[in-house]
Amino acid sequence: RSVTFRLIDIAVTGNKDDDQPDRGQMLLQSLFFISTLYFLWRLIGEVFSTLMCSWRVFRINFLTPWTIVDVVSIIMSAVCFGLLTANLRVFCEEWFSFFAILTGFLWIKLLSFLKVVNLTLATFVLAIGQV
């Protein structure tokens, strides 16, 4: 139904019809799932491509702080992916700490992406890392 008819239905009947899932929330969850699967697929591709070169290249590539942040954020996103698919609506206090740490790692991952995109941003990101 359209938004107008939905608002009229709520105003007239008071029926909020909570059984229907929120479409905005479903859109954001879908985007989160797709991005998590993409980053997981990309990490698997990096692992196989560096292992095809040599063990030494793999070890050098995966012992950088940026790659460790990528791996940790992907693992934490996969755990969050599992929590969202389990449809848990009530989380204990420890999960909020988990979500806060995950958000921090995802921001660092965004800075890592910006470092690759623009040379000026790369200097800025590396300067932030040194501070």
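For the structure itself, consult the block above.
Residues numbered from 1 in each chain as written. Predicted model: local features only at pLDDT ≥ 70, side-chain atom pairs only at ≥ 80, totals over all residues. Heavy atoms only, no water.

Colleague: Explanation requested: the packing of aromatic side chains in the structure shown.
Modeller: Any aromatic ring pair is given by two values, namely how distant the centres are and how the planes are angled relative to each other. Counted by the stated rule, this structure contains 5 aromatic pairs. Measuring from centroid to centroid gives 5.3 Å for Trp55 and Phe58, while their planes differ by 35 degrees, and the two rings are tilted. One end of the pair is Trp55 and the other is Phe58, both in helix 3 (residues 55–62) and 3 residues apart, which spans about a single turn. Judged by relative accessible area, Phe58 falls into the buried class, the value being 17%. Here the aromatic rings of Phe58 and Phe62 are separated by 4.8 Å at their centres, their planes lie at 35 degrees, and the arrangement is tilted. Here Phe62 and Phe58 lie together in helix 3, a separation of 4 residues that amounts to about one turn. For the residue pair Phe58 and Phe62, the accessibility class agrees, reading buried in each case. Here the aromatic residues Trp55, Phe58 and Phe62 are joined through ring pairs into a cluster of three or more. (Phe/Tyr/Trp six-rings, centres within 6.5 Å; stacked < 30°, edge-to-face > 60°. Helix = DSSP H or I, 4+ residues; strand = E, 2+ residues; numbered from the N terminus. Buried < 20%, exposed > 50% of the residue type's maximum accessible area, 1.4 Å probe, protein only.)

Colleague: How should I be thinking about the nonpolar core in this particular structure?
Modeller: As a rule of thumb, nonpolar side chains are buried together in soluble globular proteins. The biggest cluster of nonpolar side chains holds 6 residues, and these are Phe32, Phe33, Met76, Cys80, Phe98 and Leu102. Not counting chain neighbours up to four residues away, the residues in contact with Leu102 comprise Ser73, Met76, Ser77 and Cys80. (Core = buried A, V, L, I, M, F, W, Y, C linked by side-chain atoms within 4.5 Å. Contact = heavy atoms within 4.5 Å.)

Colleague: What is the right way to look at the environment of Val69 in this model?
Modeller: Assignment of secondary structure puts Val69 in helix 4 (residues 65–85). Classification of Val69 as buried rests on a relative accessible area of 13%. Along the backbone, Val69 and Ser112 are 43 residues apart, and their C-alpha atoms lie at a distance of 9.2 Å. Sequence-distant contacts of Val69, defined by excluding residues within four places in its chain, comprise Phe105, Ile108 and Lys109.

Colleague: Would you take a moment to explain helix 2 (residues 23–53) for this structure?
Modeller: Along an α-helix, a turn takes 3.6 residues, which lines up residues three or four apart on a common side. Between its terminal C-alpha atoms helix 2 stretches 45 Å, which fits the 45 Å expected from 31 residues at 1.5 Å a residue. Along helix 2, the positions that sit buried rather than exposed are Gln29, Phe32, Phe33, Thr36, Leu43 and Thr50. (Expected span 1.5 Å × (residues − 1).)

It is worth stressing that arrangement in space is one thing and function is another; only the former is reported here.
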